[in-house]
Amino acid sequence: MDDLTVYPAARIHTMDQGRPTGQAVAVADGRIVSVGTIESMQPWLRRHPHDIDDRYRDKIILPGFIDPHTHLRLSGTYMALNYVGPIDSASPTGLRRGLPDRASVLNQLRSLAAEQPDPSEPVLAWGYDPASQDGHLDRDMLDAISDTVPLWVVAYAPHIIYCNSPMLAMIGVDDDTVGHGIGRYPDGRLNGWFVESEAAARATRPVAATVYASGFGRAAVDRMGAVAKAAGVTTTADLIWGIGGGFEEEWADHASAIADGTFPLRILMIPFEGALVRSYGADMLDYLASKRAEGDDRLDTHGIKYVNDGSYPSMTLVMNEPGYLDDDTAHTGEIPWDEVVERMLPFWRAGIQIHSHANGDRTIDMTLDALAELQRRHPRFDHRFTIEHYCLSNPAQAKRLAALGGLASVNIYFVHYRAQLHAEHGFGPDRSEATGRLGSLDRAGVTFALHSDYNLVVTPLAPLTAAWCAVNRIGADGETVLAPGERISVDRALQAITIDAAHVLNRDDRLGSIEVGKYADLTVLDDDPYAVDPAELHRIGVHDTVLGGRPQGS
Ligand SMILES: [Zn+2]
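Residues numbered from 1 in each chain as written. Predicted model: local features only at pLDDT ≥ 70, side-chain atom pairs only at ≥ 80, totals over all residues.

Novice: Looking at this structure, how should I read the pairing of strand β21 (residues 522-525)?
Specialist: Successive side chains on a regular strand alternate, one facing one side of the sheet and the next facing the other. Along β21, one buried face is formed by Leu522 and Val524 and the opposite face, lined by Thr523 and Leu525, is buried too. Pairing geometry for β21 and strand β22 (residues 542-547), over four bridges, is antiparallel. Of the residues in β22, the one forming a bridge with Thr523 is Thr545. (Buried ≥ 20, exposed ≤ 12 C-beta atoms within 10 Å, placed from the backbone. Helix = DSSP H or I, 4+ residues; strand = E, 2+ residues; numbered from the N terminus. Pairing = 2+ DSSP bridges.)

Novice: In this structure, what is going on with the pairing of strand β17 (residues 354-358)? I would like to understand it.
Specialist: Taking burial as the measure, the five residues of β17 include five buried ones, the bulk of the element. What you see with β17 is no split at all: Ile354, Ser356 and Ala358 on one side and His355 and His357 on the other are buried throughout. Bridging between strand β16 (residues 304-307) and β17 involves four bridges; their strand directions are parallel. The residue bridging Tyr306 from the neighbouring strand is Ser356, located in β17. The handedness of the β16 to β17 crossover, carried by helix α12 (residues 340-349), is right-handed. Relative to strand β18 (residues 386-389), β17 is paired through four bridges, and the arrangement is parallel. Bridged to His357 within β18 is Glu388. (Right-handed = clockwise from strand over helix to strand, strands pointing away.)

Novice: Mind showing me how you'd approach the environment of Ala403 here?
Specialist: Note that Ala403 resides in helix α14 (residues 395-403). On the neighbour-count criterion, Ala403 (13 C-beta atoms within 10 Å) is partly exposed. It is 9.0 Å that separates the C-alpha atoms of Ala403 and Val446, two residues lying 43 residues apart in sequence.

See below:
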């Protein structure tokens, strides 16, 4: 064993329920050797050379935060385009200001089109948010901005791309084109929408050389690694592996960033099933096995990802009766729902963990039905089938999820950032108020994690802000408590960004708590989340992170 390094702290919260606190942690060879006090760890210190490193003496140490659902490479890529989103957004060139409404977005696009040096080249923009910026864009609206310069606008949550007529011509579609997710006006004309991955991929083909310029992936990974580290994250998972250029290319971007020391995280690559089937067909399980063999403790493959409805912020999720307030914009994933079980079965039989995206309550019903059918066909224990997002649900679904042995990975930021908006737009007051029913999951005994999905939804990547949302459920007005019975305790919220997030990624044997033998991943805070006013959780400063025993530098 290497020499020990001991980090004393004002307080350590281990998230090991049996030994919850300490005042010093000893690490060696990237792992935790002991946690407790300098006195309690003397049997180790007497036997091994050690340094006492006092840099965190006045700080609070928790296990490294885990955000179990992000898209760092993809989101870092969109950050390079013209920004038209509603909230202030980090970017390579500094903070970019949000645009409040659709009129200001159209103005911005008008000036971008006017300034376009080569009018045959499309204007590319990212960040539009139909819910908070006054509704969707469409072809006629964009033609009114320019009917000569192609306009290509991807929504903040990039489930929809909006195009004008010159862009439709570049993509090569017309009113006779048939394809899933290609939108139309009531009279049958194309409306310029490309909804969800299959159609979006088609709309992206003519602009791919710009969006995906040389070296874009590595730059995106570096950019977003820094954003995540600053928020206290030490482990994440990419849940759309295979969509952004190819499995090998995406893997290589992370591998090179880790090798060069510019990516301060562990990351699990979770393949998107549609892309895996298209790329590897009958060899898909062999391919995953080969990547598992290649993986290590910094970069590894895990699970399989399905998408079965649209997004919460773009109001494309699938709801039960009475449905949407106005027009139904619900959208299912690229796999027809009656084929979902057959598509999941090969992975289920192979013992691979399924992560299945379901935002709306109808989609959650379908997903629970699918899990029940998988269990009927091929019973499994400890399968950790995880419903991703779990936005609009009811208490009965929480109990059924528990009964089926499933887990939930929840985007709880929506309670604060979106729920009040969607009482009036899309979902109606009852479902909006009860977005992210963590209290029901808690009472049902379901293990759950909190995630950001950054930045494919209009929220920050900040685990302490997620915990704050979960504990307080304060709406966007800054005062209304939404569905108070769905609040959870500070302790449960902190578990959901550490040990329970590790459980959801099937890594709680080595990550998520400060326990002997686990990886020495720590998040160092300025204040104690168990001691501050819970209404101030999100204001706690992240001082540093430690990855495998090494301080990453604040
Ligand atoms: Zn996602």
